[in-house]
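Tertiary structure, described
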Amino acid sequence: GSEAIEQGRRLRPDVVFLDLVLTLKNGSEAGREMREHNPALKIVYCSTVEEAFLTRKASEAGGDAWIAKPFTKSELKKTLDALKVGKAKQEVKHG
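Notes on the structure follow. Computed from a prediction, not measured in an experiment: that's the story for all the values here. (Residues numbered from 1 in each chain as written. Predicted model: local features only at pLDDT ≥ 70, side-chain atom pairs only at ≥ 80, totals over all residues. Heavy atoms only, no water.)

**With respect to the pairing of strand S1 (residues 15-19)**
Bridge count for S1 against strand S2 (residues 42-47) is five bridges, and the pairing is parallel. Bridging from a neighbouring strand, Phe 17 pairs with Val 44 of S2. The handedness of the S1 to S2 crossover, carried by helix H2 (residues 27-37), is right-handed. (Pairing = 2+ DSSP bridges. Helix = DSSP H or I, 4+ residues; strand = E, 2+ residues; numbered from the N terminus. Right-handed = clockwise from strand over helix to strand, strands pointing away.)

**Side note on unusual backbone geometry**
Of note, the bond from Lys 69 into Pro 70 is cis; its omega dihedral lies within 30 degrees of zero at -5°. Take Pro 70: it is sitting in the loop between strand S3 (65-68) and helix H4 (73-84). The phi torsion at Arg 12 lies on the positive side, around 50°, for a residue other than glycine.

**A closer look at the nonpolar core**
If you look at the biggest cluster of nonpolar residues, it comprises 12 residues: Ile 5, Val 16, Leu 18, Leu 20, Ala 30, Met 34, Leu 41, Ile 43, Tyr 45, Ala 58, Ala 61 and Trp 66. Every element with two or more residues in this core is listed here: S1, H2 and S2. Aside from chain neighbours lying at most four places away, what touches Ala 61 is Ser 28, Arg 32 and Tyr 45. With five residues, the next largest nonpolar core counts Val 44, Cys 46, Ala 65 and Ile 67 among its residues. (Core = buried A, V, L, I, M, F, W, Y, C linked by side-chain atoms within 4.5 Å. Buried < 20%, exposed > 50% of the residue type's maximum accessible area, 1.4 Å probe, protein only. Contact = heavy atoms within 4.5 Å.)

Below, the structure is given as structure tokens:
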């Protein structure tokens, strides 16, 4: 989480994918901090855990989309396309 924050400050990306389960700082904490430094940042949370509370936590942390791991290239493209056209708060499931 801490490394993601540092890289986000340095690189100022348009989109980041963050796992909700990270060391030192979890993904939702890292996402909040990254958004403070880059308000236009699009955040896609991902995890192997598909439980409702994790999805809610991602949404509460300001996530723009949620995708379950493992995901396919097609699901990744669908998520990125949704971000481009402003379809926020989208959940994309694998399978």
